Each structure stands twice: as C-alpha cells, then as structure tokens.
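One-letter residues, chain by chain:
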Amino acid sequence: YAMRLLVRSPRFTAAAVITLTLGIGANTAIFSLVSAVLLRPLPYAEPDRLVAVWEVVTEGLSGPGAKAGPAPAQRTAVAPANLVDYAARVTSLPSMASYASLGMNLTGGGPPERILGEEVSATYFQTLGMAPAMGRAFSADENTAGRNRVVIISHALWQSRFGGSPDVLGKSLRLGETHQVVGVMPPDFVALSQPGATEAISVWLPMVFESGSLIN
C-alpha cells in the first residue's frame, strides 16, 4: 500500500528520497569526523598523557574601538624563547615539543610536487612516544641554523619518491634547499597537525628557533 502511494505521488517520493539521502550523508560525514577527532584514541604512546600548551594574551587589547570592561583573552602560539623557559622550568611534564605546519615545493629526483610538512623541535617524536621505522630522529643541535639541512620523510613519500629503496638514508631531497634524509616514519604515523586534515604530512624538518617566530 505504501509503495502504491509513493508511485502515485512521484514528486513527493523524489523529495522524500532526496531529503533522506542528504540527511543520511550529512550524519555519516559528521560521525566520521567526530569519530576520528574525538572518539578514536590518538595514535601515540600514552595519548591520555598528552596536553597542548598555548599562551593567553589579555594585555594590549584595549583601544578606541575596544569595549568597556575587562579585555577578552586571546589564545596565541607560543614564542620560542618562552618554550625554552617552559621546558627548563616546568617539572610536571616530562617532555615538551613544538611543531608548525607549512606547505613547500618538492623538486629534484622526479616531477615537482606541492607537499605539506612540519617544522618540529628535536623532542617532537620523543614526546609522542614514536620513532622512525628507519634511521633516526633529530638531534638537539639540528634545531640551529646551518645544521638543520636534514629531513625525515613519511612512509608514503618514501614509497612514491624513492620506490621504497632500503638505501634511502643519506639521499638528498630538495625542499627549496637541499636536505639529507636521516629517517623514515612508520606507515601508521599521524602527525599532530594531520588529524582531520585532508592531506597527509610528508616531511619533517628541524625547527630553527629564530627571534620573533611563533610555534604551536
């Protein structure tokens, strides 16, 4: 009887089908995002012990157009000098790391590509409880200018750019400037700036702590 009614009212039937399709599709997409970001545990060692550190600015927010009353707090990235102080003085956290995502051009050894990368402190992988599947992580002195021409690559980039060659360590990768490959991450590693993103992180570079720069 219901089928006969639907056949007799094609416009109503079409509207109902389209509405159901959009509703189910939207709910599926939202649940997939919530599951990946909120419900599924982070793919790191001891994810329940990871915390994000930000700075909150309340000064300097007043002016001609500012509202009366207390200035609203604004969350901002951490200045490199402050991170160094936090790492030296905060005793409740066994390890602190910094990262910043950026886009870059990969050239040489194949067709040019636009890829995503992260600049990280030497403690980045240690803090996440992860290690390269091949090679090594960054050393502390590689977070200084002139010694930062090294790179750790993702498993996917290792396969696509180097064909999974076991002698990839020591090879050169041109990311504006030439960097030497010192490590390859496991295939299941997810970068901190990657969850929820549509494009995966392909490379990790040592972050150089320069005056005036901001980090996550």
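In case you missed it, the structure is sitting above this.
Below, the structure is looked at part by part. (Residues numbered from 1 in each chain as written. Predicted model: local features only at pLDDT ≥ 70, side-chain atom pairs only at ≥ 80, totals over all residues. Heavy atoms only, no water.)

1. Comments concerning the side chain of His179
Okay, so step 1: Residue position: His179 is located in strand 8 (residues 177-184).
Okay, so step 2: In terms of polar contacts, His179 uses its side chain to reach the backbone carbonyl oxygen of Glu177, at 2.8 Å.
Okay, so step 3: Excluding residues that lie within four positions of it along the chain, His179 makes contacts with Asn148, Arg149, Val150, Val151, Lys171, Ser172, Leu173 and Leu205. (Helix = DSSP H or I, 4+ residues; strand = E, 2+ residues; numbered from the N terminus. Polar contact = N/O pair within 3.5 Å; in protein donor to acceptor, adjacent residues only side chain to side chain. Contact = heavy atoms within 4.5 Å.)

2. Looking at helix 5 (residues 155-162)
Okay, so step 1: Those residues of helix 5 that sit buried are Leu157, Trp158, Arg161 and Phe162. Buried residues in helix 5, looked at end-on, bunch into an arc of 105°, giving them a common side. Away from its buried face by more than 90 degrees, helix 5 exposes Ala156 and Ser160. (Buried < 20%, exposed > 50% of the residue type's maximum accessible area, 1.4 Å probe, protein only. Arc of directions from axis to C-beta.)

3. Describing the nonpolar core
Okay, so step 1: Counting 17 residues, the largest nonpolar core has Val120, Tyr124, Phe125, Phe138, Ile152, Phe189 and Trp204 as its most contacted members.
Okay, so step 2: Elements with a contribution of two residues or more to this core: helix 4 (124-128), strand 6 (150-153) and strand 9 (201-206).
Okay, so step 3: The dominant element in this core, judged by the number of residues it contributes, is helix 4, at 3 residues.
Okay, so step 4: Once residues lying within four places of it in the same chain are set aside, the contact partners of Phe138 are Val120, Ala122, Phe125, Val150, Val151, Ile152, Val182, Trp204, Leu205 and Pro206.
Okay, so step 5: Within the second largest apolar cluster, 15 residues are counted, among which are Met104, Leu157, Phe162 and Val184. (Core = buried A, V, L, I, M, F, W, Y, C linked by side-chain atoms within 4.5 Å.)

4. Side note on the pairing of strand 7 (residues 172-175)
Okay, so step 1: Residues Leu173 and Leu175 of strand 7 are buried on one face, while the alternating residues Ser172 and Arg174, pointing to the opposite face, are not.
Okay, so step 2: Strand direction decides the pairing type here: strand 7 and strand 8, joined by 4 bridges, are antiparallel. The residue of strand 8 that forms the bridge with Leu175 is Glu177. (Pairing = 2+ DSSP bridges.)

5. Quick notes on the pairing of strand 3 (residues 99-106)
Okay, so step 1: In terms of strand pairing, strand 3 meets strand 4 (residues 113-120) through 8 bridges, oriented antiparallel. Bridge assignment links Met104 to a residue of strand 4, and that residue is Ile115.

6. Considering the environment of Thr127
Okay, so step 1: Relative to the elements of secondary structure, Thr127 occurs in helix 4.
Okay, so step 2: For the pair formed by Thr127 and Met96, sequence separation is 31 residues and the distance between their alpha carbons is 6.4 Å.
Okay, so step 3: Non-local contacts of Thr127, meaning those with residues more than four positions away in its chain, are made with Leu50, Ser95, Met96 and Ala97.

7. Topic: a nonpolar patch on the surface
Okay, so step 1: A surface patch of nonpolar side chains, amounting to about 340 Å² of accessible area, comprises Met3, Leu6 and Phe12.
Okay, so step 2: Relative to the elements of secondary structure, Leu6 occurs in helix 1 (residues 2-8).
Okay, so step 3: Classification of Leu6 as partly exposed rests on a relative accessible area of 33%. (Patch = residues over 30% accessible without salt bridge, like charges linked within 9 Å, V, L, I, M, F, W, Y side chains within 5 Å. Areas by Shrake-Rupley, 256 points an atom, 1.4 Å probe, with all protein chains shown as cover. Salt bridge = Lys/Arg side-chain N within 4 Å of Asp/Glu carboxyl O.)

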